[in-house]
Amino acid sequence: MLRTHHCGELRLAEAGIRVTLAGWLQRSRDFGGMTFIDLRDRYGITQLVFNMETDAGLCEEARKLGREYVIQVTGKVAERSNKNPNLPTGDIEIIVEEIKVLNQAKIPPFTIEDKTDGGDELRMQYRYLDLRRPVVRKNMELRHRMAMETRNYLSDQGFLEIETPFMIRSTPEGARDFVVPSRMNPGEFYALPQSPQTFKQLLMVSGFDRYFQIVRCFRDEDLRADRQPEFTQIDCEMSFVEREDVLHTFEGLTRHLFSKVKGLQTDPFPRMTYADAMRLYGSDKPDIRFGMTFFELTPWVRGHGFPVFDSAELVAGINVPGAAGYTRKQLDELTDWVKRPQIGAKGLVYVRYNEDGTLKSSVDKFYTEEQLKKWASEMDARPGDLMLILSGDTHHTRKALGELRLEMGQRLGLRNPEVFSPLWVVDFPLLEWDEEAARFFAMHHPFTSPLPDDIPLLATDPGKVRADAYDLVINGVEIGGGSIRIHDRGLQQQMFKALGFSEQEARSQFGFLLNAFEFGAPPHGGIAFGFDRLCSLFGGSESIRDFIAFPKNNAGRDVMINSPAPISEAQLKELNIRTV
Ligand code: ASP
């Protein structure tokens, strides 16, 4: 070994012993007679001292070392006179006797500090240096702990980790596939899995009973901030279970992680139907760290000559506690905010419930104070509150009001990243109508079972069928989702029919699964958690990239290895790919 200890290890108890350390030179400081060096490795920082009086030659040598040089030093552990309480090793320093340069280093393009001077692009280009920064390294350590605890928990619950292939076949449902040309089968392609969905269901047919995998998934989706073309899931499937069993097991996993990784005990997770989530929060992933749920005012506001409300399908609002003091300017700014194309509201109606009990609104022309009082009582508003009201068609109004609610929650400091509010959203619609394709798509995937009560609707009113599907949502972030699957051939056929697949099309795309299901498929269901997102939530960051060692940028590029990249004519030819 090139060291006796690592850089985060030594304490006062070791004072007087002779040690050898190795690591990177974080920083050096010269004070005339003395030189100090901070030596860094994965475990921490230890201070080295060189004294001009006792060993001028060594001190001179130390002064020549540059930032990020890799060095090995031997010396005595000594108590520091000037202790640093912010450093675990801050009580001691090493009086160096020997120094060896193991490797030189160019000056790094940005400072290797928690607060670096490097921009995003530069840090990504030199990600291996970025990863030396303690804040980034801590994220990787957190990710490791999360993965270990996930494996421990699931293994203890009888789950087997089984790998499924990365080179599979393309199926048109879901997102776009990444494909890989097959040299040996000209004109044919593998697809990279969007998830191991079909394989994990096949493993249930095989009788494995409980499967999990921490697995990479690939989706060629349009670029959006903080989406990665390859990402990691905790993917699971269980046999002979109902929804309750899956929720119980994975609530258990989540609580285990909160407890082991964050030291937090969590209450049982509340459940909310999709319909309630939309009605009260305008979102299927509500942030329930704070209230401000929607109130529907439609019947109270119609018929008073205000055309905007009279023609609206839905008039709904939120009551913002303690915000009656919002100035005209702030309200104008908020109105502009909801009118931005991303939010899409046509306008904003406000009612101020002043501290003195009077009410003032932007629609005073149409409504008496008495009427406004009625709204206030409907909305549980109190003096000092501000009511914000949107109107229009139900879908867009709820969506926009949901955004406004989050914005107000943010402005009022109600979205503390150290507070965690998980919930299960259940009973999603089974199908989603796509205007452009003029057909239904599976909201989750085509193997999701309808709720037993809703099966008859599949033939008569497919849009109304609810799925036996569930999402885990924490702080407004969708952490995971899954469903009870269809294991009955007849029901699966009905589902394909509702999706507009002919028998033939279903066979050609999912034949292998349908065949397998004819050999005794057990009732089964499962779930997948987005692992990167779960890590970033635990780490208190908005960005999943901070928790992936080598992420891609928002254009899907790895700027460090400069990928994707063209391949040679010869390679193309070998792969039977013609270029224009
Ligand atoms: N495979 C699904 C997904 O990736 C999760 C599941 O249904 O288990 O969303």
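Above this text sits the structure in question.
This one's a predicted model, so the numbers in the text were calculated from it and none came from an experiment. Note that residues are indexed from 1 along each chain, following the sequence as it is written. A pLDDT threshold of at least 70 governs which residues receive local features in this predicted model, and a stricter bar of 80 or more applies before side-chain atom pairs are shown or counted, although totals over entire chains, interfaces and linings include all residues. Derived side-chain values reflect all non-hydrogen atoms in the structure, with water molecules and hydrogen atoms excluded from consideration.

Turning to a negative patch on the surface, a few remarks are in order. Residues Glu-355, Asp-356, Glu-369 and Glu-370 make up a contiguous surface patch of negative charge. Counting from the N terminus, the helices are the DSSP runs of H or I reaching at least four residues and the strands are the DSSP runs of E reaching at least two. Inspection of the secondary structure puts Glu-369 in helix 11 (residues 369-378). Residues enter a patch when their relative accessible area is above 30% and they make no salt bridge; the linking distance is 9 Å between like charges and 5 Å between nonpolar side chains (Val, Leu, Ile, Met, Phe, Trp, Tyr). Calculation of accessible area relied on Shrake-Rupley with a 1.4 Å probe; when residues are assessed, cover is drawn exclusively from the protein chains displayed. The working definition used for a salt bridge is a side-chain nitrogen of Lys or Arg within 4 Å of a carboxyl oxygen of Asp or Glu. Residues scored as charged are limited to Lys and Arg (positive) and Asp and Glu (negative), so that His and the chain ends carry no count. Taken as the charge centre is NZ of Lys, CZ of Arg, CG of Asp or CD of Glu, depending on the residue.

This part takes up the side chain of Ser-361. Structurally, Ser-361 can be placed in strand 15 (residues 359-361). Polar contacts here mean pairs of N or O atoms no more than 3.5 Å apart (in protein, one a potential hydrogen donor and the other a potential acceptor; neighbouring residues in sequence count only if both atoms are side-chain atoms). Looking at Ser-361, its side chain comes within polar contact range of the side chain of Asp-364, at 2.7 Å. When residues no more than four places from it in sequence are discounted, the contact partners of Ser-361 are Tyr-350, Val-351 and Leu-372. Residues count as neighbours in contact if any of their non-hydrogen atoms are within 4.5 Å of one another.

Moving on: the sheet that holds strand 6 (residues 160-161). At least two DSSP bridges between two strands are required for those strands to pair. Sheet architecture is open: eight strands sit in the order 6-9-10-22-21-20-17-11, paired in mixed fashion. The outermost strands of the open sheet, each flanked by one partner alone, are strand 6 and strand 11 (271-273). Of the pairings in the sheet, the one linking strand 20 (residues 469-474) to strand 21 (residues 477-484) comprises six bridges and is antiparallel in character. Within the sheet, the bridge partner assigned to Asp-471 lies in strand 21 and is Gly-481. Every axis corresponds to a line fitted to the C-alpha atoms, with the helix fit spanning only the stretch in contact, and the corresponding angles, defined between N-to-C directions, vary from 0 to 180 degrees. Sitting on the sheet, helix 7 (residues 274-281) is in contact with strand 11 and strand 17 (422-426), with an inclination near 85 degrees to strand 11.

In the contact formed by helix 4 (residues 134-156) and helix 16 (residues 531-538), the axes pass within 10 Å of each other and the chain directions differ by 120 degrees. By the angle class used here, helix 4 and helix 16 are oblique. In the packing of helix 4 onto helix 16, the handedness of the crossing is right-handed. Each of Leu-142, Arg-143, Met-146 and Ala-147 in helix 4 lies in contact with helix 16, whose residues at this interface are Phe-531, Asp-532, Leu-534, Cys-535 and Phe-538. All amino acids are sorted into three groups, where Ala, Val, Leu, Ile, Met, Phe, Trp, Tyr, Cys and Pro are nonpolar, Asp, Glu, Lys and Arg are charged, and the leftover types, Gly among them, are polar. Tallied by class, the residues present in the contact of helix 4 with helix 16 amount to seven nonpolar, no polar and two charged. Our angle categories are set so that under 35 degrees counts as roughly parallel, over 145 as roughly antiparallel, 65 to 115 as roughly perpendicular, and the remainder as oblique. Crossing handedness is defined as follows: a turn of the near helix away from the far one that is anticlockwise and smaller than a right angle gives a left-handed crossing, while the clockwise case is right-handed.

A few words on the environment of Val-135. Mapped onto the fold, Val-135 is located in helix 4. For the pair Val-135 and Asp-546, spaced 411 residues apart in sequence, the C-alpha separation works out to 9.3 Å.

Attention now moves to the site of the ligand. The rule for a residue being near a molecule or strand is that one of its heavy atoms must lie within 4 Å of it. In the vicinity of the ligand, 13 residues are found, and the nearest of them are Gln-197, Lys-200, Gln-233, His-444 and Arg-485. At 3.1 Å, a side-chain N or O of Arg-219 approaches an oxygen atom of the ligand. The side chain of Arg-485 places a nitrogen or oxygen atom 2.8 Å from an oxygen atom of the ligand. Elements that contribute at least two residues to the shell around the ligand include exactly helix 5 (197-205), strand 21 and strand 22 (524-530). In terms of residue count, the dominant contributor to the shell around the ligand is strand 22 (three residues). A per-class count over the shell around the ligand returns two nonpolar, eight polar and three charged.

Along strand 16 (residues 386-392), five of the seven residues are buried, which leaves the element largely enclosed by surrounding structure. Sheet analysis places strand 13 (residues 314-320) next to strand 16, joined by seven bridges and oriented antiparallel. Directly across from Ala-316, in strand 16, lies its bridge partner Leu-390. Pairing geometry for strand 14 (residues 349-353) and strand 16, over four bridges, is antiparallel. The residue of strand 16 that forms the bridge with Arg-352 is Leu-386. Type-normalised accessible area, obtained with a 1.4 Å probe on protein chains alone, sets the label of each residue: buried when under 20%, exposed when over 50%, and partly exposed for intermediate values.

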